[in-house]
Amino acid sequence: MAIEFLKGHGTQNDFVLLPDPSGRLELTPERVAALCDRRRGLGADGVLRVVRAEALGIASEGGWFMDYRNADGSVAEMCGNGMRVFVRYLVDAGLEGGPEFVVGSRAGDRRVAVRPDDSVTVWMGPATITGASVALVDGRNFSGVAVSVGNPHLVSIVDDDVAELDLAAEPRYDKDFFPKGVNLEFVNPLGEGALRMRVYERGVGETRSCGTGTVAAVAAALHLAGTDTGESTVDVPGGRVTVGLERGAATLTGPAEFVAHGELSDDWWTRQG
């Protein structure tokens, strides 16, 4: 059986996308980890399986479900950059007519829209402040605001240039507060309506971008400023996105691009199982 794949990215947060409408692929953690390995696989920050919601027995207003897996093979609730890539595939492949429709995810249904400039907007649901905690990075404690965007985040607004932080080693965090792990964002304010961010993603490590992380960063910055509404650009190592927040809702707008497509070797796939 030929296994089709595409390789794409959203602000250089990269993904292997697997079209699997009927849900026939046995997507084990070992296969996901192998696909994402940059030496023995294709290399990616995660895997996006394109599957019909009904094939998985999932109730969704949308016909398609984004089955997202982290690079270590673990299942994740949501991925904003991945959702943009997923949406571009559905439209480019003629599976959705657009420009607006609904896609299912483990964080719930998400309304999406493809813009005339080919950027994609995702209605991300609420960004909820859940408390405060501390991360330990390179021997230093960083206080942060805990935010849920369907998945957990800890956002630290820092005075030091985030480009100078050493994120090579896994930061430490309060595992009682975050029992399922946490995405860690480190943020510099750049002026009104502009932030710069680096991120360490659970199950992956540092990535060039994190869509839900940019939403969490803006929510935390607004919270510390005493409000829960506003809009901001967020510069990440892989580019720029725009985040808008209203009470109970957030939007994420940014690019999505495909760079390759092909077929996986059946022998290779079988060996990874």
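Just above, that's the structure.
This is a predicted model, so every value here is computed, not measured.

1. Some remarks on the pattern of salt bridges
Inference 1: All chains considered together, the criterion is met by 17 salt bridges.
Inference 2: Two residues, Arg-38 and Asp-14, come together in a salt bridge whose shortest N-O distance is 2.9 Å. Taken as a pair, Arg-38 in the loop between α1 (29–36) and β3 (46–52) and Asp-14 in strand β2 (residues 13–19) lie far apart in primary sequence, 24 residues in all.
Inference 3: Asp-14 sits in the buried class, given a relative accessible area of 10%.
Inference 4: Glu-100 is the partner of Arg-111 in a salt bridge, and the nearest nitrogen-oxygen pair spans 3.1 Å. Placement of Arg-111 in strand β6 (residues 110–114) and of Glu-100 in strand β5 (residues 100–103) is noted, with a sequence separation of 11 residues between them.
Inference 5: Put simply, Asp-20, Arg-49, Asp-67, Arg-69 and Arg-106 are held in one network by salt bridges that share partners.

2. Describing unusual backbone geometry
Inference 1: Located in the positive-phi region is Asp-118, a residue other than glycine, with phi close to 75°.
Inference 2: For Asp-118, a relative accessible area of 42% puts it in the partly exposed group.

3. Things to note about the sheet that holds strand β1 (residues 3–10)
Inference 1: On the basis of which strands lie adjacent, the open sheet formed by 5 strands has the order β4-β3-β2-β1-β18 and mixed pairing. Where the open sheet ends on each side, the last strands, each with one partner, are β4 (64–70) and β18 (257–264). Each neighbouring strand pair of the sheet contributes to a mean axis angle of 25°, computed without reference to strand direction.
Inference 2: In this sheet, β18 lies alongside β1 in antiparallel orientation, the contact comprising 7 bridges. Within β18, the position partnered with Phe-5 by the bridge is Gly-262.
Inference 3: Against the sheet, α1 makes contact with β2, β3, β4 and β18, and its axis sits at roughly 125° relative to β3, the strand it touches most.
Inference 4: Packing of helix α2 (residues 80–92) onto the sheet brings it into contact with β1, β2, β3, β4 and β18, and relative to β2 it is tilted by some 40°.

4. Things to note about α1
Inference 1: Among the residues of α1, those classed as buried are Arg-31, Val-32, Ala-34, Leu-35 and Cys-36.
Inference 2: Packing partners of the buried residues in α1 comprise β2, β3, β4, β18 and α4 (266–272).

5. A look at the packing of aromatic side chains
Each aromatic ring pair is described using two quantities: the centre-to-centre distance and the angle formed by the ring planes.
Inference 1: The tally for this structure, following the rule as stated, stands at 4 aromatic pairs.
Inference 2: Where Phe-15 meets Tyr-68, the ring centres are 6.0 Å apart and the plane angle is 75°; that geometry is what we call edge-to-face. Taken together, the residues span a long stretch of sequence, with Phe-15 in strand β2 and Tyr-68 in strand β4 at a distance of 53 residues.
Inference 3: On the accessibility criterion, Phe-15 (1% relative accessible area) is buried.

Rules used throughout
Residues numbered from 1 in each chain as written. Predicted model: local features only at pLDDT ≥ 70, side-chain atom pairs only at ≥ 80, totals over all residues. Heavy atoms only, no water. Salt bridge = Lys/Arg side-chain N within 4 Å of Asp/Glu carboxyl O. Helix = DSSP H or I, 4+ residues; strand = E, 2+ residues; numbered from the N terminus. Buried < 20%, exposed > 50% of the residue type's maximum accessible area, 1.4 Å probe, protein only. Pairing = 2+ DSSP bridges. Axes fitted to C-alpha atoms, helices over the stretch in contact; angles between N-to-C directions. Contact = heavy atoms within 4.5 Å. Phe/Tyr/Trp six-rings, centres within 6.5 Å; stacked < 30°, edge-to-face > 60°.

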